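One-letter residues, chain by chain:
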Amino acid sequence: MTDASHDAPKPKPGILDIAPYVGGKSRIEGVAEPMKLSSNENALGAGEKAREAYQAALKNIHMYPDGRANKLRDAVAVHHGLEPERLIFGNGSDEVFALLNQTYLTAGDNIVSGQYGFLAYRISALANEASVKLAPEPDFKLTPEAVLAQVDDRTRIVYVSSPSNPTGSYNTAEEIRRLHEGLGPDVLLVVDEAYAEFVTAPDWETSFPLARQADNIVVTRTFSKIHGLGGLRVGFGYAPLKVAEAVDRIRLPFNVSVPGIEAAVAALGDEAHQTASRELVETWRPRLTQAIRGFGFDVFPSAGNFVLVRFTDATRNAAAANDYLNSKGIIVRPVGGYGLPDCLRITVGTEDQNRAVIDALSEFAAG
């Protein structure tokens, strides 16, 4: 009898070297209903219109969705003023990144991302036997100069998060233009705007207009944040037509579900929920920042629906702070996987949740 251990199929080179993505945890042992502030989810949940559309869609879940998601395609095009044929839909914007990597990367190619850029960019690049080059972010913000210094003749895709997770930094419209001007026409610039709706800085602009005039820019958005539909996994990219058509050749059919399409369409039209979600963040993001800084901890400026807190004290460090918050039933996100072992990322929650975070960190600082 053959030893089965020698017969098992082997994954292609590099797959087993990839560290799998680990999402924010959602449970604390012994706590029935913890405050989950670890995944940058919308603290208000999904809006009423999206929930109603989801419920109404249940009667049709025995049927395959429209493979082109045309109802959602048209709604997104109208809402954002985009050409519908240039949209790529995915099972979250994560799948759009994976599709772009699968379409454009071959063995020996590379992508360039910021030092603290979203880990999903890297995972699917490595799965396509490409390498990952990280632009240093000494001030916790990506710069065009640092990115362009990493680009070489095998670079196929550059990823920029603006605003960026987990640092909360963003790039100005001028910086995105300068970066794009420095790239060759054969390099795809992907601008991830997952947190776009939470930005209040006057020098930030969406890259949709820039992408309209370019042959090598993709802008991605998600329904997981402002719209509160993280559990339904819906995202999209706005791409040059040739890019959209190329991706469509490998995109699996029916990759956005019936309830996902219906809820996302309804969410786009729910301006009241979007406004309430935005105002909650605009109210509490500065309050959290000010309060936590008052306890002696560093808080990075943030343009997203979260704050990144750095703990530099040897004893009152990030691990100890995380344990203390957990003991109070509060789940936040350690970000050592991003190379920030002394930091915790905290989602802006409801008023009660935010006050609980402030109280707990006050006690931790005094302890």
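What comes next concerns the included structure. Model, not experiment: these values are computed from the prediction. (Residues numbered from 1 in each chain as written. Predicted model: local features only at pLDDT ≥ 70, side-chain atom pairs only at ≥ 80, totals over all residues. Heavy atoms only, no water.)

**Concerning the sheet that holds strand β3 (residues 110-114)**
Under the convention used in this document: Here the rule is simple: two strands pair whenever DSSP picks up at least two bridges between them. Under the DSSP-based scheme used, a helix requires at least four consecutive residues in state H or I and a strand at least two consecutive residues in state E, with every element numbered from the N terminus. All axes are obtained by fitting lines to C-alpha atoms, using only the stretch in contact for helices, and the reported angles, taken between N-to-C directions, cover 0 to 180 degrees. Any two residues having at least one pair of non-hydrogen atoms within 4.5 Å are treated as being in contact.
Read across the open sheet, the 7 strands follow the order β2-β8-β7-β6-β5-β3-β4; overall the sheet is mixed. In this open sheet, the two edge strands, each paired with only one partner strand, are β2 (87-90) and β4 (131-135). Ignoring which end each strand starts from, the neighbouring axes of this sheet average 20 degrees apart. In the sheet, β3 pairs with strand β5 (residues 155-161) via 3 bridges, with the strands oriented parallel. The residue of β5 that forms the bridge with I111 is I157. Across the sheet, helix α2 (residues 70-80) lies against β2, β7 (217-222) and β8 (235-238), angled at about 125 degrees from β2, the strand it touches most. Packed onto the sheet, helix α3 (residues 93-104) meets β2, β3, β5, β6 (188-192), β7 and β8 and runs at close to 165 degrees relative to β5.

**Concerning a nonpolar patch on the surface**
For clarity, the cut-off: Note that patches include only residues with greater than 30% relative accessible area and no salt bridge, and the join distances are 9 Å for like charges and 5 Å for nonpolar side chains (Val, Leu, Ile, Met, Phe, Trp, Tyr). For the accessible areas, the method is Shrake-Rupley and the probe is 1.4 Å, while residue cover comes only from the protein chains on display. Whenever Lys or Arg places a side-chain nitrogen within 4 Å of a carboxyl oxygen from Asp or Glu, that contact is recorded as a salt bridge.
A surface patch of nonpolar side chains, about 250 Å² in accessible area, is lined by Y54, L58 and I61. The residue I61 is located in the loop between α1 (48-57) and α2 in this model.

**Remarks on the packing of aromatic side chains**
As a reminder of what qualifies: Two aromatic rings from Phe, Tyr or Trp, using only the six-membered ring of Trp, form a pair when their centres are within 6.5 Å; if the ring planes differ by under 30 degrees the pair is stacked, by over 60 it is edge-to-face, and anything between is tilted. Each residue is placed in one exposure class: buried if its accessible area under a 1.4 Å probe, protein chains only, is under 20% of its type's maximum, exposed if it is over 50%, and partly exposed if it falls in between. Whether a charge sits over a ring comes down to the Lys NZ or Arg CZ being within 6 Å of the ring centre and within 35 degrees of the ring normal.
Within the structure shown, the criterion is met by 16 aromatic pairs. When the ring of F297 is compared with that of F311, the centres are 4.7 Å apart and the planes differ by 50 degrees; the resulting orientation is tilted. Taken together, the residues F297 in the loop between α10 (271-294) and β9 (298-299) and F311 in the loop between β10 (306-310) and α11 (318-327) connect sequence positions 14 residues apart. Given the relative accessible area of 7%, F297 is considered buried. Taken together, a centroid distance of 5.9 Å and an interplanar angle of 45 degrees make the contact between Y324 and F364 tilted. Taken as a pair, Y324 in helix α11 and F364 in helix α12 (residues 351-366) lie far apart in primary sequence, 40 residues in all. A residue is classified by how much of its surface remains accessible, and F364, at 8% relative accessible area, is buried. In textbook terms, an aromatic cluster arises when at least three aromatic residues are bridged by ring pairs, as seen for F97, F118, Y121 and Y159. Lying over the aromatic face of Y170, K141 brings its terminal NZ or CZ to 5.9 Å of the ring centre. Over the face of the ring belonging to F306 we find R345, whose NZ or CZ atom lies 6.0 Å from the ring centre.

**Digging into the pairing of β4**
Consecutive side chains of a regular strand alternate in pointing toward one face of the sheet and then the other. For clarity, the cut-off: Looking down the strands as they point away from the viewer, one classifies a crossover as right-handed if the path from the first strand across the helix to the second runs clockwise.
Pairing analysis gives 5 bridges linking β3 to β4, with the strands arranged parallel. Opposite G114, over in β4, you have A135 as the bridge partner. A crossover connection joins β3 to the parallel β4 through helix α4 (residues 119-127); in handedness this β-α-β unit is right-handed.

**Overview of the sheet that holds β9**
Read across the sheet, 4 strands follow the order β9-β10-β13-β12 without closing on themselves; strand pairing throughout is antiparallel. Among the strands making up the open sheet, the edge pair consists of β9 and β12 (333-335). Across 3 bridges, the pairing between β12 and strand β13 (residues 340-347) is antiparallel. Considered in β13, the bridge of P334 is made with L344. Along the sheet, α10 contacts β9, β10 and β13; its crossing angle with β10, the most-contacted strand, is approximately 10 degrees.

**A short note on the pattern of salt bridges**
Where charged atoms from two side chains of opposite charge approach closely, those side chains can pair. Taken as a whole and assessed by the stated rule, the structure comprises 16 salt bridges. Residue K141 is joined to E175 by a salt bridge in which the shortest nitrogen-to-oxygen separation is 3.0 Å. Taken together, the positions of K141 in the loop between β4 and α5 (144-150) and E175 in helix α6 (residues 173-182) put the pair 34 residues apart, joining distant regions of the chain. Judged by its relative accessible area of 26%, K141 falls in the partly exposed class. Each of R68, D248 and R251 takes part in one network of salt bridges that share partners.

On their own, these measurements won't tell you what the molecule is for.
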